[in-house]
Amino acid sequence: LVLSLAWLGPALGDEEKDGEVVAEEEKQKEEEEVLSDELKEEDNVLVLHEHNFARALSEHQLLLVEFYAPWCGHCQQLAPAYAQAAAELRNESSPARLGKVDATAQTALATEFGITSYPTLKLFRDGNRTHPLAYTGRMDTQGIVRWVQRRAGPSAILLHDTDTAAAFASSQDLVVIGFFKDLGGKAAQAFYEVAAEMVDLPFGVAEAEELFQAYRLSADTVCLFKKFDERQTDFPVDPEQGLDTAELMQQLRVHSLKLVMEFTKETSNQIFSAKIPHHMLLFLNKSSPEQLALQDGFKAAAGTFRGEVLFVVVDVSGYGADVLSFFGMTPEDAPTLRLVKMENNRKFQMEQDAFSDTAIRTFIRAVLDGKVKPHLLSAEPPEDWDTRPVKVLVGKTFEQVAFDETKNVFVKFYAPWCSHCQAMAPAWEELGERYKDHEDIVIAEMDATANELENITIHGFPTLHYFPAGPGRKMVEYKSARDVETFSKFLENGGTLPVEPPVVTKTPGNSTGNENPSVPGADESRDEL
């Protein structure tokens with residue numbers, strides 16, 4: 001037996017040693033693979049790291065790279081569309097390829113390219129890694145494909161004669177053609193930049209003199225051809241100032257919309273991405289012939305304010321029913337008009353609805369001139385609103401409670417659907433219980449989706465504001481931890497914390513509507529409006 005063990009001992013030892021060697025060899029192999037500049041793929045997407053990044057740039061004329069984090073929900077949502085876009089571009093034999101970098105593992109690349117959020121997409125051209133172009137397209141397959149295609153080839157099709165120009169101009173509902181005396185000049189080059197950016201519109205370009213004559217043009221002009229409203233809109237290029245790309249893009253966005261838009265699932269993105277500062281809304285029931293007839297006066301007024309006010313019809317019996325609560329309305333309130341100032345969602349309404357084009361123009365001009373006060377939503381206060389540990393505020397009771405000079409009032413502004421608000425609710429109720437018998441401290445809450453305040457705009461949920469006792473109408477935004485003990489510490493210290501004292505801003509003392517308190521935007525633990 002001893003002899004047997006003597007023989008087996010060295011054998012067992014050798015087997016254990018061999019296992020260690022195998023593991024070490026596998027580890028070394030993995031390290032060599034990472035250090036290699038070999039280009040590997042996953043679903044047609046190049047998997048990039050610091051050792052193969054330079055090779056990828058040298059081998060591909062255009063390389064769109066997604067910098068992602070494995071745990072990022074937006075990155076996970078983008079992944080299938082990104083892979084599909086990579087496959088489509090490859091099938092088209094495009095010179096462009098798509099790649100991806102795990103920015104949490106490849107920290108050197110993330111630092112080099114200034115990656116601070118995920119996903120971030122950058123386009124590299126001709127091997128240049130010092131000036132990548134930030135991706136500005138939609139985060140879906142077609143958006144990515146179109147955006148890359150515009151940068152892979154000419155962003156505008158060269159139109160040689162009247163036949164090709166006429167065919168191109170009538171090929172789609174919206175077509176842009178740039179007429180330039182010199183296609184190598186600065187104005188034409190700026191036009192190509194616009195064409196590369198606005199991938200949802202087809203762009204053509206013309207230089208031939210016969211085309212200038214055919215379209216009755218004498219100088220450089222960008223023309224938008226439409227199959228609705230006015231059929232052609234011209235944007236002459238200023239001979240001294242040249243072509244302003246930002247201005248042209250905005251003009252094309254504005255004039256690509258119908259004079260009066262209908263709010264539908266298909267048009268909602270167009271409506272909100274147009275960046276028009278005011279929206280004039282006509283709420284009606286499309287099943288009513290009498291209400292449908294009101295569109296005539298509405299459309300007649302629209303042309304006066306193009307680019308400044310977007311006119312939108314909302315069907316309260318259709319897709320528009322979902323937005324009625326935002327205006328504190330029901331389908332029975334139709335027909336009615338509202339004007340919305342988009343930067344702060346302030347809503348304005350006529351004292352008495354009048355639907356003639358003259359009445360609508362007069363109302364809009366009064367709002368734009370600051371002569372009409374906003375219409376503020378307010379729910380009715382519950383009967384026991386001031387007997388609960390957490391006081392329930394509404395628009396019409398807010399002033400008397402929040403600016404009571406004898407009380408320190410801590411208010412939570414929330415939305416019923418907000419998950420962050422729901423998670424915080426037990427702590428806020430416990431805080432109310434803790435301070436319900438304090439004479440000078442009030443814990444309160446307000447549903448900011450059903451109530452509006454003239455001088456305070458809520459941008460995200462939950463937002464917490466502290467209104468200290470005394471004169472001056474002070475307001476402090478609370479931006480620290482959302483637990484009962486930290487809340488209490490904040491209250492016991494008179495609305496401050498030893499670390500990261502919140503910013504104090506002065507709230508206007510009257511209802512002129514000329515000032516707004518400084519309310520920072522929502523952080524990552526708040527739901528945006």
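The model shown is predicted, which means the values in this text are computed figures rather than measured ones. (Residues numbered from 1 in each chain as written. Predicted model: local features only at pLDDT ≥ 70, side-chain atom pairs only at ≥ 80, totals over all residues. Heavy atoms only, no water.)

1. Things to note about the sheet that holds strand β1 (residues 40-42)
Strands sit in the order β1-β2-β4-β3-β5-β6 across an open sheet of six strands; the sheet is mixed. The two strands at the open ends of the sheet, each matched to only one other strand, are β1 and β6 (133-134). Strand direction decides the pairing type here: strand β3 (residues 62-68) and strand β5 (residues 120-125), joined by six bridges, are antiparallel. By the bridge assignment, V65 is partnered in β5 with K122. Packing of helix α3 (residues 73-91) onto the sheet brings it into contact with β1, β2 (45-48), β3, β4 (96-102) and β5, and relative to β4 it is tilted by some 155°. Where helix α5 (residues 141-152) meets the sheet, it contacts β3, β4, β5 and β6, and its direction lies at approximately 145° from that of β3. (Pairing = 2+ DSSP bridges. Helix = DSSP H or I, 4+ residues; strand = E, 2+ residues; numbered from the N terminus. Contact = heavy atoms within 4.5 Å. Axes fitted to C-alpha atoms, helices over the stretch in contact; angles between N-to-C directions.)

2. Points about the packing of helix α15 (residues 419-435) against helix α16 (residues 484-492)
Relative orientation of the contacting elements α15 and α16 amounts to 45°, with a least axis distance of 9 Å. Relative to α16, α15 is oriented oblique. Between α15 and α16 lies a crossing whose hand is right-handed. Residues M424, A427, W428, E430, L431, R434 and Y435 of α15 form the contact with α16, whose own contacting residues are V484, E485, F487, S488, L491 and E492. Considering only residue class, the contact of α15 with α16 consists of eight nonpolar, one polar and four charged. (Parallel < 35°, antiparallel > 145°, perpendicular 65-115°, else oblique. Left-handed = near helix turned anticlockwise from the far one by under 90°. Nonpolar A, V, L, I, M, F, W, Y, C, P; charged D, E, K, R; others polar.)

3. Comments concerning the layout of surface pockets
Estimates place the volume of the largest pocket at around 1200 Å³. Together, 35 residues line the largest pocket, and D200, S256, L257, Q270 and S273 are the ones closest to its centre. Going through the elements one at a time, α9 (245-256), β12 (260-262), α10 (268-273) and α12 (295-302) are the ones with two or more residues in the lining of the largest pocket. In terms of residue count, the dominant contributor to the lining of the largest pocket is α9 (four residues). Here the residues of the lining of the largest pocket sort into 14 nonpolar, nine polar and twelve charged. (1 Å grid on protein atoms, 1.4 Å probe; cavity = no way out; pocket = protein on both sides within 12 Å on 5 of 7 lines; lining within 4 Å. Points joined across faces, edges and corners; volume = space filled by probe spheres on them.)

4. A word on the confidence of the model for the protein
Caution is warranted with low-pLDDT regions, since their predicted coordinates should not be read in detail. Of the residues in the protein, 87% have a pLDDT of 70 or more, and the chain-wide mean is 87. Counted against residues more than four places away or in other chains, residues 1-19, with its pLDDT under 50, gives zero contacts. Note on residues 506-526: pLDDT under 50 across the span, and 52 contacts to partners over four residues away in sequence or across chains. (pLDDT = per-residue confidence, 0-100.)

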